[in-house]
Amino acid sequence: MKRIVEIEGVKRPLSLRRLDSGEFSVELDGQPYAADVCQLDPRTLSILLDGRSYRVLLDSRGDDKAVSVEAGRIPFRIEDPRSLQSRRKADAGGSGARPVMASMPGRIIRLLVQQGDAVEAHQGLIVVEAMKMQNELKAPKAGTVVRVAVEVGATVQAGAVLLVIE
Amino acid sequence: MKRIVEIEGVKRPLSLRRLDSGEFSVELDGQPYAADVCQLDPRTLSILLDGRSYRVLLDSRGDDKAVSVEAGRIPFRIEDPRSLQSRRKADAGGSGARPVMASMPGRIIRLLVQQGDAVEAHQGLIVVEAMKMQNELKAPKAGTVVRVAVEVGATVQAGAVLLVIE
Amino acid sequence: MSQKIKKILIANRGEIALRVIRACRELGIASVAVYSDADRASLHVAHADEAYRLGPAPARESYLRGDLILDVARQCGAEAIHPGYGFLSENADFAAACEAAGVRFIGPAASAMRMLGSKTRARQTADAAGLPRVPGSVQALASVEEARAVAKRTGYPIMLKAAAGGGGKGMRAVRAEAELAEAFTTARSEAERAFGNGDVYIEKLIENPRHIEVQVLADHHGHCVYLGERECSVQRRHQKVIEEAPSAVVDADLRRRMGETAVTLAQTAGYTNAGTVEFLVDQERNFYFLEMNTRLQVEHPVTELVTGLDLVHLQIRIAEDQPLPFTQAEVHLRGHAIECRIYAEDPDNNFFPSPGTITRLVQASGPGIREDCGIYEGWTVPLDYDPILSKLVAYAPTREAAIDRMLRALGEYHVGGIACNLGLFRRILQDKDFRSANIHTGYLERLLAEPAAAPQQAVVAEVAAIAAGVFELGQQPASSAPAAENGSSSNWKSAARQEMLRR
Amino acid sequence: MSQKIKKILIANRGEIALRVIRACRELGIASVAVYSDADRASLHVAHADEAYRLGPAPARESYLRGDLILDVARQCGAEAIHPGYGFLSENADFAAACEAAGVRFIGPAASAMRMLGSKTRARQTADAAGLPRVPGSVQALASVEEARAVAKRTGYPIMLKAAAGGGGKGMRAVRAEAELAEAFTTARSEAERAFGNGDVYIEKLIENPRHIEVQVLADHHGHCVYLGERECSVQRRHQKVIEEAPSAVVDADLRRRMGETAVTLAQTAGYTNAGTVEFLVDQERNFYFLEMNTRLQVEHPVTELVTGLDLVHLQIRIAEDQPLPFTQAEVHLRGHAIECRIYAEDPDNNFFPSPGTITRLVQASGPGIREDCGIYEGWTVPLDYDPILSKLVAYAPTREAAIDRMLRALGEYHVGGIACNLGLFRRILQDKDFRSANIHTGYLERLLAEPAAAPQQAVVAEVAAIAAGVFELGQQPASSAPAAENGSSSNWKSAARQEMLRR
């Protein structure tokens, strides 16, 4: 298997092959790695590398992929270098319209802006409550509120678009 | 779903229907049961019956099906009343040839009988060792050893046929 | 005369409900859970001997419905109700309703709760008992003018606090007279909204105080003991984050003086069962009465570990009218205990709550580790209640060893699927000021204002990259997988998939 | 002069290896695991800081290869080796090889181990120290004739025991002279097979004795303390099943006398580090020296819970030449602790071992529960080693409360996929004789000879039947499932299947 693994903004070519012995042959950044990989269960690996032992847990949340190693959560993205699609997808992030999404499920408590309002970066837009805690979502950039997609009192899921700034 | 559930040698007709509310309609032995069944995970149920709370774990070992409830392991068998096959299978237990199977994985340490030997019920047949402990398997009934399927030193898995008595 | 309780209804949910259910089982007492629609799949329902539905998810329609709860108790024959913490635990009207219905409320009598439940009334009781308390008013302030007069007498800076308060609501620090009027108005309206009672009073603001509290236990035969102190100075927005026992700054003499003060207050109010007297301790180790919590507290396990006692067992024995089975002289503290409150909240995202499904739960164990947990793998954390998931507690002979043990346990622990605050504890427990016990109630906010330095080793990124690839390989659906590079690879993949099915 | 250890190799596997790894992490010491081919996926490998392969599964090709282990220690720079229990832990030659290689062996010096390791030599040492010991011979018996003479002098009934023995191998009770010759021959050959040493000696058979042992701890500065006793009378075929501390029959005076006796023996032998002096106690509470275990024991957690100490931390500190951080007068016992050894063995099938894959693991936690566990869900118990899976330990203020707490925890615990002995513990802990501490080393065999009465409630069978149906519904492959009886049923089934994939 050949893939591009993106970790902390760095894209690294990875080649993995399972040998007949059950071990893996690993190449990262074009370099061979003498990594001894053992799958403890479908979401836990024991990796020995130069004698050091690492317990690695798959730690994805929905589409947000990550592993947990040495008590740190490390998000990653994987691309198939043969697939053009994945590259296009990766480029799509920078456009002008910017949705503000709920980071967690909750209830809409207050709207601080209306459609058409001009907003500064970091200006408060909307207050969401969950588990008795209120969170004010702030504008990711300066612009105009082109759409408000929710009403006060509504329950929203994580990832729901609340409003759009352009 | 209609099934025959066999527990502790008693065959009991069970009818289960999931209602639109998410609850189950349960009939056991032709009687309706006001059981409130909630699946905590694919192998754990919380069942409320007349206010009493039961935590039930699926506790199968391979083909040996069981549930665990109130700290007791309760083996069960399920038949589909519409399936003739299951009835035939259920009847197959009492025939003349009786295999002696390894109850656990282990190594064959000693054979106490040979093919053709006449044996008494409960006579020792074979010694299996695992984890430094030796276990002598005994004849389930009187008869003749018609086949010895293993050799001393062999490693066997649970359920492997070791010899057959007829 | 003592009378055995045979069945207890637990009017709560989550880890504390399970804590009480376990105590019941250990004492041979039948346990009755109640639950809202959001909690049918919760652990306390599955572990109790009996369980009954209360109502819809919102607490005011379920866990706060004292009338429904008493109905359930009557119908199932529970002779006593344990309220846990939160919900109805400090509701004197509910305690009184239990008394009227002939059901024992496992806590103080309604009368004692009324004397100590309101902060202003508690301050009056403290004055009557001659306790040192934080200077300020002992009655609700009728007007801004009165507030101004009291503040001047007390001396700035001062705190405005809600009489019915808790959790930092209706609380305002005021550093100069110019700020007072506005702070008074906002504190009143916040208190009105949060507690249905806008009464506020004034306390002198103690600079960089420690929050240290004393556990007391009183039976119905006039005996009252203190079980040492807990230090809860690590707070965020007036919510405790880490608690420990004993406090690093309390010596035997101060412990005795604070303990005897707490016992005096309890006895003045005719208090029975378990309770906690909270103090502020200033930098000169003067202590001031703050308020009393008339219930079992979240952080009671640290006291259990250093005293070797079981507070819930003792609460139940007291409710049975049994005398305390030991005297003050027989209470000995040993070692050090630390508790981390594991919450479904994201320290990297402004501590916003993170309800959702727990897809993975790897727990810590081994020497000196206790966990009081209310969750399981596959459970969905509901939106509707406090985000506490579990309490991880470490015990060791010394404070340093307890800190290092907790760090060890946190390294084993993992919650997947939702964000939680495990990383925050690691940061605090590795912080030099925390380790040297140089803490006060403003400590954590100050720490959080500093950048969290986490230089990652290059090799960890390499391990992560390799692991990412292996997980990816194992999770590809067979149809979209590229042709296997060699013969065994596809076998391995299907074996991995079978393994996932089997689990 | 004390010298900090920075890296420790743990020459063991399973729960005890993890126990030591945890202690290292808590002390800031790097831990090095070693493993056989059967243990690559074991917990101790994944949790250590470093891990190195030793060899194939059989212990004699891996965990007993002292030469390979010392090679690993040298290559990775480990300054010390912790042997755990079993394997090389009581091998004086290995301890000597470590000394020669300049690697600290975390245990006594080879010389002390030699004085106490052989049972006959230990009996000679005990005589030299003036200890009460079980009457009989202090040297190997050269012939049946000598055995006959010693037995006559000692008086029947007697025990024949292997000098190099352990675990009940090479042991025979002889009630009359007529049985002696045959027993002598079989004991000798069994000892020869098991230990490569056929030496046997004679001990008077004490009727219905209790097995009570004293934990000692000695530093390199001449200090030696005892940490109270453990009662291990619940045994099956001379293997401990349940251990507790303190013993119900040991009072302060007997504890002091047994403790001082144990310390005398340790000091006579120049013993250092942790060790256990085993005694038999007869019905008149006379105690007799039995043997000394020159290592950490499986059951050390019960002592840790009642003393509040950490024995592995202390072992490491002693190996660093640090003096003991407390005196005998500072050792205080509090409360009661009970340990259950969870084994992969089937009490319903003659205790036959049950290796295999653990498909399910639900663990107990909450107040007073400690678990030292070496397994995880999905792990396959190898055929090649002792079947210990985990040690579950309960602590409470009293023996009765500890028993009831353990029963509560056992009710929460579940191991799926293989048989284990959880049910046996439930039976013992509910037994009237055990609960009244009316136990001796023959107690468990007697209990097991009685029929296990387990009358099951009818309602439990009904619940089981319903659950069986619901599980069946959730597990049917879509292709063979009969048509859904209504619209929502099939949706529900596919949701359940997705859930299983997701886990």
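Computed from a prediction, not measured in an experiment: that's the story for all the values here.

What counts, and at which threshold
- Residues numbered from 1 in each chain as written.
- Chains lettered and ligands numbered in written order.
- Predicted model: local features only at pLDDT ≥ 70, side-chain atom pairs only at ≥ 80, totals over all residues.
- Heavy atoms only, no water.
- Helix = DSSP H or I, 4+ residues; strand = E, 2+ residues; numbered from the N terminus.
- Rg over C-alpha atoms; globule rule 2.2 N^0.38 Å.
- Buried < 20%, exposed > 50% of the residue type's maximum accessible area, 1.4 Å probe, protein only.
- Contact = heavy atoms within 4.5 Å.
- Areas by Shrake-Rupley, 256 points an atom, 1.4 Å probe, with all protein chains shown as cover.
- Lys, Arg positive; Asp, Glu negative; His and termini not counted.
- Charge placed at Lys NZ, Arg CZ, Asp CG, Glu CD.
- Buried area = accessible area lost by both parts, 1.4 Å probe.
- Salt bridge = Lys/Arg side-chain N within 4 Å of Asp/Glu carboxyl O.
- Pairing = 2+ DSSP bridges.
- Polar contact = N/O pair within 3.5 Å; in protein donor to acceptor, adjacent residues only side chain to side chain.
- Nonpolar A, V, L, I, M, F, W, Y, C, P; charged D, E, K, R; others polar.
- 1 Å grid on protein atoms, 1.4 Å probe; cavity = no way out; pocket = protein on both sides within 12 Å on 5 of 7 lines; lining within 4 Å.
- Points joined across faces, edges and corners; volume = space filled by probe spheres on them.
- Domains from an automatic or database assignment.
- Axes fitted to C-alpha atoms, helices over the stretch in contact; angles between N-to-C directions.
- Parallel < 35°, antiparallel > 145°, perpendicular 65-115°, else oblique.
- Left-handed = near helix turned anticlockwise from the far one by under 90°.
- Phe/Tyr/Trp six-rings, centres within 6.5 Å; stacked < 30°, edge-to-face > 60°.
- Lys NZ or Arg CZ within 6 Å of the ring centre and 35° of its normal.
- Disulfide = S-S within 2.5 Å.

A few points about the overall build of chain A
Here is step 1 of the chain: Helix and strand content of chain A: 1 helix and 17 strands.
Here is step 2 of the chain: Taking 166 residues into account, the globule formula puts the C-alpha radius of gyration at 15 Å, and chain A, at 21 Å, lies well above it.
Here is step 3 of the chain: Evaluated residue by residue, chain A yields a buried proportion of 45% over its 166 residues.
Here is step 4 of the chain: Residue pairs in contact within chain A that sit at least 24 positions apart in sequence constitute 38% of those at least 6 positions apart.
Here is step 5 of the chain: Surface exposure of chain A reaches about 8500 Å², of which carbon and sulfur atoms provide 47%.

Focus on the overall build of chain C
Here is step 1 of the chain: Helix and strand counts for chain C come out as 17 helices and 22 strands.
Here is step 2 of the chain: The C-alpha radius of gyration of chain C comes to 25 Å, within 12% of the 23 Å expected for a compact globule of 503 residues.
Here is step 3 of the chain: Viewed in the frame of its principal axes, chain C has a C-alpha envelope of about 85 × 55 × 45 Å.
Here is step 4 of the chain: In chain C, buried positions account for 63% of the 503 residues.
Here is step 5 of the chain: Put simply, of all contacts in chain C between residues at least 6 apart along the chain, 65% involve residues at least 24 apart.
Here is step 6 of the chain: Accessible surface, chain C: about 17400 Å² in total, of which carbon and sulfur atoms supply 50%.
Here is step 7 of the chain: Of the charged side chains in chain C, 56 are positive and 63 negative, and the gap between their average positions amounts to 1 Å.

So, the interface of chain C and chain A
Here is step 1 of the chain: At the interface, 56 residues of chain C touch 58 residues of chain A.
Here is step 2 of the chain: Taking both sides of the interface into account, the surface hidden between chain C and chain A amounts to around 5200 Å²; carbon and sulfur atoms contribute 63%.
Here is step 3 of the chain: Taken as a group, F352, I466 and F471 of chain C account for 15% of the area that chain C buries against chain A, more than any other trio of residues on that side.
Here is step 4 of the chain: Across the chain C-chain A interface, the total number found is 4 salt bridges.

Some details on the sheet that holds strand β14 (residues 133-138) of chain A
Residue and element names in this part refer to chain A.
Here is step 1 of the chain: Pairing within the open sheet is antiparallel, and its 4 strands lie in the order β14-β13-β11-β16. Every other strand in the sheet has two partners, leaving β14 and β16 (155-156) as the edge strands with one partner each.
Here is step 2 of the chain: In this structure, strand β11 (residues 106-111) lies alongside β16, joined through 2 bridges in antiparallel fashion. Its bridge partner lying in β16, G106 is registered against V156.

Let's talk about the interface of chain C and chain B
Here is step 1 of the chain: The interface of chain C with chain B comprises 16 residues on the first partner and 14 residues on the second.
Here is step 2 of the chain: Where chain C abuts chain B, roughly 1100 Å² becomes buried across the two surfaces, and 50% of that area is made up of carbon and sulfur atoms.
Here is step 3 of the chain: The interface formed by chain C and chain B contains 1 salt bridge.
Here is step 4 of the chain: Taken together, the connections running from chain C to chain B amount to 6 residue pairs in polar contact (both at pLDDT 80 or more).
Here is step 5 of the chain: Secondary-structure elements contributing two or more residues to the side of chain C that touches chain B are α2 (43-47) and β3 (50-55) of chain C.
Here is step 6 of the chain: Per-class residue counts for the side of chain C that touches chain B are 8 nonpolar, 2 polar and 6 charged.

As for empty space enclosed by the protein
Here is step 1 of the chain: For the structure shown, the criterion picks out 10 cavities of 30 Å³ or more.
Here is step 2 of the chain: In this structure, the second largest cavity encloses a volume near 450 Å³.
Here is step 3 of the chain: Looking at the second largest cavity, it is lined by 28 residues, and the ones nearest its centre are L305, G368 and Y395 of chain C together with L305 and Y395 of chain D.
Here is step 4 of the chain: Elements with a minimum of two residues in the lining of the second largest cavity: α10 (300-307) and β19 (369-373) of chain C together with α10 (300-307) and β19 (369-373) of chain D.
Here is step 5 of the chain: Here the residues of the lining of the second largest cavity sort into 12 nonpolar, 4 polar and 12 charged.

What to know about the domain arrangement of chain C
Here is step 1 of the chain: Partitioning chain C into structural domains gives domain 1 (7-106), domain 2 (135-204), domain 3 (210-449) and domain 4 (456-502).
Here is step 2 of the chain: Each of domain 3 of chain C and domain 4 of chain C has a C-alpha centre, and these two points are 43 Å apart.

Comments concerning the sheet that holds strand β17 (residues 161-165) of chain A
All names here are of chain A.
Here is step 1 of the chain: Spatially, 4 strands are ordered β10-β17-β15-β12 in an open sheet, and the strand pairing comes out antiparallel. Two strands in the sheet have a free side with no partner beyond their single neighbour: β10 (98-101) and β12 (118-119).
Here is step 2 of the chain: Sheet topology places strand β15 (residues 143-148) next to β17; 3 bridges connect them, and they run antiparallel. Of the residues in β17, the one forming a bridge with V148 is L163.

Let's talk about the pattern of salt bridges
Here is step 1 of the chain: In total, this model carries 113 salt bridges over all chains according to the counting rule given.
Here is step 2 of the chain: Among the salt bridges present, the one from E26 of chain C reaches R408 of chain D, with a minimum N-O distance of 2.8 Å. Taken together, the residues span two chains, with E26 of chain C in helix α1 (residues 14-27) and R408 of chain D in helix α12 (residues 399-412). Across this residue pair, the class does not change: E26 of chain C and R408 of chain D are buried.
Here is step 3 of the chain: Three or more residues are tied together by salt bridges with common partners; here these are R19, R22, E26, E304, D310, R370 and D372 of chain C together with R405, R408 and E412 of chain D.

Considerations on the packing of helix α3 (residues 66-76) of chain C against helix α4 (residues 92-101) of chain C
Residues and elements named next belong to chain C.
Here is step 1 of the chain: With their axes 11 Å apart at the nearest point, α3 and α4 run at an angle of 30° to one another. Between α3 and α4, the angle falls in the class roughly parallel. For the element pair α3 and α4, the recorded crossing hand is right-handed. Taking contact as the criterion, the partners of G66, I69, L70 and R74 in α3 are, on α4, F94, A97, C98 and A101.

Remarks on the packing of aromatic side chains
Working definition: an aromatic ring pair is given by the centre-to-centre distance plus the angle between the planes.
Here is step 1 of the chain: Per the stated rule, a full pass over the model turns up 10 aromatic pairs over all chains.
Here is step 2 of the chain: Both rings, one in F87 of chain D and one in Y385 of chain D, keep their centres 6.3 Å apart while their planes meet at 80°; by these two values the pair is edge-to-face. Here Y385 of chain D lies in the loop between β20 (380-381) and β21 (388-396) and F87 of chain D lies in the loop between β4 (80-82) and α4 (92-101), a separation of 298 residues in the sequence.
Here is step 3 of the chain: Since its relative accessible area comes to 25%, F87 of chain D is described here as partly exposed.
Here is step 4 of the chain: Overall, the relative accessible area of 3% leaves Y385 of chain D in the buried class.
Here is step 5 of the chain: Among the aromatic residues, those joined into a ring-pair cluster are Y63, F87 and Y385 of chain C.
Here is step 6 of the chain: Stacked on the ring of Y35 of chain C, the Lys or Arg R40 of chain C has its end atom at 6.0 Å from the ring centre.
Here is step 7 of the chain: Sitting above the plane of the F351 of chain C ring, R236 of chain C keeps its charged end 3.8 Å from the centroid.

Looking at the domain arrangement of chain A
Here is step 1 of the chain: Looking at chain A, the domain boundaries give domain 1 (2-79) and domain 2 (95-165).
Here is step 2 of the chain: Using only C-alpha atoms to locate each centre, domain 1 of chain A and domain 2 of chain A end up separated by 36 Å.

Some points on the state of the cysteines
Here is step 1 of the chain: If you walk through the whole model with that rule in mind, you get 0 disulfides over all chains.
Here is step 2 of the chain: Here C76 of chain C is not disulfide-linked; the sulfur of C24 of chain C is the nearest cysteine sulfur, at 12 Å.
Here is step 3 of the chain: Free cysteine C340 of chain D: the closest other cysteine sulfur is in C420 of chain D, separated by 11 Å.
Here is step 4 of the chain: Judged by its relative accessible area of 0%, C340 of chain D is buried.

A short note on unusual backbone geometry
Here is step 1 of the chain: Note that the residue after A245 of chain C, namely P246 of chain C, is joined by a cis bond; omega there is -10°.
Here is step 2 of the chain: Of note, P246 of chain C is situated in the loop between β11 (239-245) and α9 (252-268).
Here is step 3 of the chain: In the Ramachandran plot, N350 of chain C falls in the positive-phi region, its phi being about 60° despite a non-glycine side chain.
Here is step 4 of the chain: Here N350 of chain C is to be found in the loop between β15 (345-346) and β16 (352-353).
Here is step 5 of the chain: Classification of N350 of chain C by relative accessible area gives partly exposed; the value is 45%.
Here is step 6 of the chain: Here the phi dihedral of D321 of chain D falls at roughly 70°; this positive angle occurs in a residue that is not glycine.
Here is step 7 of the chain: For D321 of chain D, the position within the fold is in the loop between α11 (311-319) and β14 (336-343).

A short note on the pairing of β14 of chain A
All names here are of chain A.
Here is step 1 of the chain: Every second residue of β14 is oriented toward a common face, the buried set being M133, N135 and L137 and the non-buried set Q134, E136 and K138.
Here is step 2 of the chain: Inspection of the sheet shows strand β13 (residues 124-130) paired to β14 by 6 bridges, in the antiparallel sense. Considered in β14, the bridge of I126 is made with L137.

With respect to the side chain of S42 of chain C
Residue and element names in this part refer to chain C.
Here is step 1 of the chain: Relative to the helices and strands, S42 is located in the loop between β2 (30-36) and α2.
Here is step 2 of the chain: According to the relative accessible area criterion, S42 is buried, its value standing at 2%.
Here is step 3 of the chain: Apart from the residues lying within four places of it in its own chain, the contact partners of S42 are R13 and W379.

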